[in-house]
Amino acid sequence: DTGVSQNPRHKITKRGQNVTFRCDPISEHNRLYWYRQTLGQGPEFLTYFQNEAQLEKSRLLSDRFSAERPKGSFSTLEIQRTEQGDSAMYLCASSSITDTQYFGPGTRLTVL
Amino acid sequence: KQEVTQIPAALSVPEGENLVLNCSFTDSAIYNLQWFRQDPGKGLTSLLLIQSSQREQTSGRLNASLDKSSGRSTLYIAASQPGDSATYLCASLTGTASKLTFGTGTRLQVTL
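Thresholds, definitions, all that
Residues numbered from 1 in each chain as written. Chains lettered and ligands numbered in written order. Predicted model: local features only at pLDDT ≥ 70, side-chain atom pairs only at ≥ 80, totals over all residues. Heavy atoms only, no water. Salt bridge = Lys/Arg side-chain N within 4 Å of Asp/Glu carboxyl O. Helix = DSSP H or I, 4+ residues; strand = E, 2+ residues; numbered from the N terminus. 1 Å grid on protein atoms, 1.4 Å probe; cavity = no way out; pocket = protein on both sides within 12 Å on 5 of 7 lines; lining within 4 Å. Points joined across faces, edges and corners; volume = space filled by probe spheres on them. Nonpolar A, V, L, I, M, F, W, Y, C, P; charged D, E, K, R; others polar. Core = buried A, V, L, I, M, F, W, Y, C linked by side-chain atoms within 4.5 Å. Buried < 20%, exposed > 50% of the residue type's maximum accessible area, 1.4 Å probe, protein only. Contact = heavy atoms within 4.5 Å.

Student: Sorry, what's going on with the pattern of salt bridges here?
Tutor: Any two side chains of opposite charge can pair, so long as their charged atoms come close to each other. Going through the model one piece at a time under the given rule, you end up with 6 salt bridges over all chains. The shortest N-O distance in the salt bridge between A:Glu56 and B:Lys99 comes to 3.5 Å. You can see A:Glu56 sitting in strand β6 (residues 53–57) and its partner B:Lys99 sitting in strand β10 (residues 99–102), one on each of two chains. One salt-bridge network, in which partners are shared between bridges, spans A:Arg64, A:Glu83 and A:Asp86.

Student: I would appreciate a short explanation of the layout of surface pockets in the present structure.
Tutor: The calculated volume of the largest pocket comes to roughly 660 Å³. In terms of lining residues, the largest pocket is bounded by 25 residues, among which A:Phe45, B:Lys1, B:Gln2, B:Lys99 and B:Thr101 are the most central. Sorting the residues of the lining of the largest pocket by element identifies β5 (44–50) and β6 of chain A together with β10 of chain B as the ones contributing at least two each. The element best represented in the lining of the largest pocket is β10(B), accounting for 4 residues. Split into classes, the residues belonging to the lining of the largest pocket amount to 6 nonpolar, 11 polar and 8 charged. When its volume is computed, the second largest pocket comes out at roughly 450 Å³. Lining of the second largest pocket is provided by 25 residues; of these, A:Gln37, A:Leu39, A:Gly40, B:Gln38 and B:Thr87 occupy positions nearest its centre. Those elements that place two or more of their residues in the lining of the second largest pocket are β9 (88–95) and β11 (107–111) of chain A together with β9 (86–94) and β11 (106–111) of chain B. Split into classes, the residues belonging to the lining of the second largest pocket amount to 9 nonpolar, 12 polar and 4 charged.

Student: Could you clarify how one ought to interpret the nonpolar core in this entry?
Tutor: Residues and elements named next belong to chain B. Counting 21 residues, the largest nonpolar core has Leu33, Trp35, Leu75, Ile77, Tyr88 and Leu108 as the members making the most contacts within it. At the level of elements, β3 (19–25), β4 (30–38), β5 (44–51), β7 (62–67), β8 (72–77), β9 and β11 are the ones that each hand at least two residues to this core. Here this core takes 4 residues from β3, the largest share from any one element. Excluding anything up to four places from it in sequence, isoleucine 77 contacts Glu17, Asn18, Leu19, Arg61, Leu62, Asp84, Tyr88 and Leu108.

Shown next as structure tokens:
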């Protein structure tokens, strides 16, 4: 069990560019979650997958955001046409059903 | 919609003191409640998970309680140490059991 990993750890981009983040969950976990955290706030739910199926999406996830989890393994979160308001820490977590959610170290996005 | 509140927002105590962090939630129909620790710029570390049928959980110097009827949870830290300095977040798992709703956290500083 190597824990949840996320890449890259930091990403700096210019407004209008596309970015993609990757999350590798704990191998036996069938649930994978994405959250976004801004400074001084708690994480906010974005979306979650059970195996390869995306079962719920927050209204925070505008049409510029897309997430995938091919074959129920790793997941990617893509943000198109980034805006300064997208600057945040993007956190990934995995779990087994309603058990403890284990979080990765996060990807810090800065949009200039 | 679940709302989670944490009081106080910040707390400073001298080393060795026992302390209590408070968490309240509006929707008592929770599956579980988790307490996390977050160091600056880092991801979340799970501390304790209390299932909805449980009243408390203990791990080392940490004890978390849950009172669903009043919508409250507390995290008790015994004999605080400078290494306990971090932000502590509580989160409830509700709805379709797909997402955690977080409070804004309590920033704890333990001084020498």
